[in-house]
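# Coordinate inspection notes
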Amino acid sequence: MLIKLTGGTVYDPMHGINGEVRDIYIQDGRITDPPNDMPIHQVYSLNNKIVMAGAIDIHSHIGGGNVNIARTLLPEDHWANPLPHTELLRAGSGHIIPSTFATGYRYAEMGYTAVFEPAVLPMNARQAHMEMGDIPLIDKGGYALLGNDDYGLRMLAANKDQKAFNDYVAWILRASQCLGIKVVNPGGINAFKFNQRRLHLDEPGPYYGVTPRQILLRLARALHELDVPHPLHVHGCNLGVPGNLETTLSTIEGIAGLPMHLAHIQFHSYGAEGDRKFSSGAAQIAEAVNRNPNITVDVGQILFGQTVTVSSDSMQQYANHLHAYPKKWAFVDIECDAGCGIVPFKYLDKNFVNALQWTIGLEIFLLVDDPWRVFLTTDHPNGAPFVSYPHLIRLLMDRSFRNDMLATIHPDAARASTLGAITREYSLYEIAVMTRAGAAKLLGLSDRGHLGIGAAADITVYTKQEDKEKMFSKPDYVFKDGELIVRNGEIIKVTWGTTHVVRPEFDNSIEKELSNYFDRYLPMKLGNFKIHDEEMIYFGQGHIQVHPCRERNSS
Amino acid sequence: MSALTLILKKTPTQQVDVSPLIPENLTDLSKPEIGAIILVTGNQHVRTDTIFTISGDDPERLIFTGETTKLDYIGKNCSIGQINVQGSCGAYTGMGMKGGQINIYGNTGAFTACEMRGGLVRIEGDGGDFLGAARPGNQIGMMGGMVIVTGNAGARVGDQMRRGTLLIEGNAGNYAGSRMLAGTIAILGKTGNYPGYGMKRGTLLLWHSPNKLGATFNDCGCHTLGFLPLLLESYRSLETRFAFLPKTTGRARRFCGDMASLGRGEILILVP
């Protein structure tokens, strides 16, 4: 079937198209060349409408153990927000941590077509993939957690050569069906198990004697040498600690020029100045990001209201548990593989620290020059639920609205911040970069995030409006792989997305030693640990798309 | 005016959520309007008049009759009027109730009067498990009001109860008053194992020694407690066996606990 989208104003940063009126043709789920003499089955007239590729969220907790525990911990969220089933949609519930079906519906209604789960514990990967397999409409993918796993730390402590470590990393990517590698508080989660409460970047861990910096360097190098497109996804040391700005800067400088993605950088940009020993480090961080082209960041913006923080960083979550609202929390250690900490949280605009966190996130957005290297996230649900993205986009695009909001927060925080003086307003083109093209480029998804010939037809169409929050919360049309799934902000068809993975080459002989380790220490056999393709396409709902590991940079 | 009576036409195949049918929702409605209220049963939405025959005109007095065991959430969040159930009922009867009265002439399912805040629930039969408890996952159960059970009660009676009174004329199951925060539970009959498990504060008033008591309860000996006759006197106006106890009752053996929790609770076992 041939579909024509005609007369829309196209924003396609991958091809430098900034608001040009163009026609787009869709055939068999792909964007194609203008056809000669072929009958066109459907025409959508998009005069005065904005056409972008489907949005991509590179960091949002949508599947896996921590999300499930958060759902169990917060039944009130589900009672208060029921989603009754309809002829088309399955029932669900929840607002701050929605159930799987609700997650897919809410994302698609906002024009998102791909979402990536940043904390897939290899030990729990099967459960994470099955849970994500229940999320309709959107594409999924995960980053496997390494850096606190017992086996990896043993390798580092024994100073195994980089080649063997690379094989292990590649094997984990393959076995857990993931698109990238994430490290959370490198070494810190492991140190917590030995009763330590803080681990600095250059401090040897308590048992293996490996420093967080060594872990970061070895992992970043492994991914670089394996040519995995997505760089090491880092949740650094000392999350949320006043003064952690120094740690973050040191992490950026110390990665030796290797590509690195710093997740929810807002939580890592705090100074320790002022009466309350808490200040904004946004300017220094943004400057460091601007100076180092190997660094990309996503912000992890906080927005005010009730949410729940879910993190594998059990060390920092434990430190925060006294602030839990409502007063309950959960911590889990998972087979010496990684951690898990759930702490419900309510961000208040009249609270100095929360208000300053809000300004820090926005400052980073506005002070990082290159929109290709900063990404729109709230670290859902840690900073705010993902449904608040349209509000966040309006804050970035509308300076007077931003200043109105700034006037309502804690006055000391507003005074301490330079936000009011920043005049930058994001353009539609820049929003398209940070939520589409940049994300696809960073993840190595060559056929997503743009509207070039051959790309997957993930397309979102908005009506141009002055109120950007309204505009981005209710797209006119959303196409997923060429099928119209949303019309006027309502889902009209339910499809199933793809799981994106990478499969770097590796020497399979490492399985012998790994197998011994599994037999001796772990609850399952190596054969059960590996997730097979047939499991991913269970019931025909899932698909796998393998992305090539790119050609080695000649530089 | 005669009581508004809802008669089940036939036994529903699935449990029916009748939470919209409470007096304050019905006061200004005509019979056809009441009949048009949408109820949920299984995964279906049905009109009230497809499963109930409606008669009478006083919504302040509501009567459910027929195969009422299939009805869940009777009197949910009810704050005025009186609801009578002519038979046993399903789960969550009187959940979150704030005022008024519910009379059940039969047994109730689990979670009766859970998270209740005020009013009176009278069960002329047995109460199920988790009577006056919190909904699963919630941290605070019953917060006020009174429940009278003329028969027996199930396990975990008053789990995480915070305020209010449970009067049980028959026996209670295991873990009565578990994780109690405050409030009073009085049990005339026998009690199962481990009453007061994890209780923080509150009072369990027993007329029989429990089978097993947790090791984390301290025996504080026998006392003549001045407040006991006053407490029992306050039940005189109620329609229950607690109204006819001898006026001299005042001596009790006191156990404090649960020391594994906050430990300010007490189990009083009355000495005859």
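Everything numeric in this text was worked out from a predicted model, so none of it was measured. (Residues numbered from 1 in each chain as written. Chains lettered and ligands numbered in written order. Predicted model: local features only at pLDDT ≥ 70, side-chain atom pairs only at ≥ 80, totals over all residues. Heavy atoms only, no water.)

## Examining the domain arrangement of chain B
Residue and element names in this part refer to chain B.
- Looking at chain B, the domain boundaries give domain 1 (1–58) and domain 2 (73–270).
- One C-alpha centre belongs to domain 1, the other to domain 2; they are set 31 Å apart.
- Across the contact, seven residues belong to domain 1 and 12 residues belong to domain 2.
- Buried surface at the junction of domain 1 and domain 2, both sides included, amounts to about 680 Å², of which 66% is carbon and sulfur.
- For domain 1, the biggest contributors to the area lost against domain 2 are I22, P23 and E24; these three give 54% of the whole.
- Our count for the domain 1 to domain 2 interface comes out at one residue pair in polar contact (both at pLDDT 80 or more). (Domains from an automatic or database assignment. Contact = heavy atoms within 4.5 Å. Buried area = accessible area lost by both parts, 1.4 Å probe. Polar contact = N/O pair within 3.5 Å; in protein donor to acceptor, adjacent residues only side chain to side chain.)

## Re a nonpolar patch on the surface
- Where nonpolar side chains cluster on the molecular surface, the patch consists of M130(A), Y538(A) and F539(A) and spans about 410 Å² of accessible area.
- With respect to the helices and strands, the residue F539(A) is situated in the loop between helix 20 (533–536) and strand 26 (543–547). (Patch = residues over 30% accessible without salt bridge, like charges linked within 9 Å, V, L, I, M, F, W, Y side chains within 5 Å. Areas by Shrake-Rupley, 256 points an atom, 1.4 Å probe, with all protein chains shown as cover. Salt bridge = Lys/Arg side-chain N within 4 Å of Asp/Glu carboxyl O. Helix = DSSP H or I, 4+ residues; strand = E, 2+ residues; numbered from the N terminus.)

## Digging into the nonpolar core
- One finds I181(A) and F365(A) to be the most contacted residues of the largest nonpolar core, which totals 147 residues.
- In this view, F365(A) contacts V299(A), Q301(A), V374(A), F375(A), L376(A), T377(A), L392(A), L396(A), R424(A), Y426(A) and M434(A); residues no more than four positions away in its chain are not counted.
- Of all hydrophobic cores here, the second largest spans 51 residues; its members include L4(B), I54(B), L62(B) and C78(B). (Core = buried A, V, L, I, M, F, W, Y, C linked by side-chain atoms within 4.5 Å. Buried < 20%, exposed > 50% of the residue type's maximum accessible area, 1.4 Å probe, protein only.)

## Quick look at the pairing of strand 21 (residues 459–463) of chain A
All names here are of chain A.
- Of all five residues in strand 21, four are buried, a share of seventy percent or more.
- Bridging between strand 5 (residues 49–53) and strand 21 involves five bridges; their strand directions are antiparallel. Of the residues in strand 21, the one forming a bridge with V51 is V461.
- The pairing of strand 21 with strand 22 (residues 477–480) spans three bridges and is antiparallel. Note that in strand 22 the partner of I459 across the bridge is F479. (Pairing = 2+ DSSP bridges.)

## Let's talk about the sheet that holds strand 2 (residues 16–17) of chain B
Residues and elements named next belong to chain B.
- Strands sit in the order 4-3-2-7 across an open sheet of four strands; the sheet is mixed. In this open sheet, the two strands that pair with only one neighbour each are strand 4 (44–47) and strand 7 (71–72).
- Sheet topology places strand 2 next to strand 7; two bridges connect them, and they run parallel. Note that in strand 7 the partner of D17 across the bridge is D72.

## Description of the side chain of Q177(A)
Residues and elements named next belong to chain A.
- Of note, Q177 is situated in the loop between helix 6 (162–175) and strand 11 (180–184).
- At 2.8 Å, the side chain of Q177 and the side chain of R503 are in polar contact.
- Beyond its immediate stretch of four places on either side in the chain, Q177 contacts H129, V501, R503, I531, H532, D533, M536 and I544.

## Description of the interface of chain B and chain A
- The interface of chain B with chain A comprises six residues on the first partner and six residues on the second.
- Counting each side, the surface lost to burial between chain B and chain A is near 520 Å², with a carbon and sulfur contribution of 48%.
- On the surface where chain B and chain A come into contact, there are zero salt bridges.
- The interface formed by chain B and chain A holds two residue pairs in polar contact (both at pLDDT 80 or more) in total.
- A per-class count over the side of chain B that touches chain A returns one nonpolar, four polar and one charged. (Nonpolar A, V, L, I, M, F, W, Y, C, P; charged D, E, K, R; others polar.)

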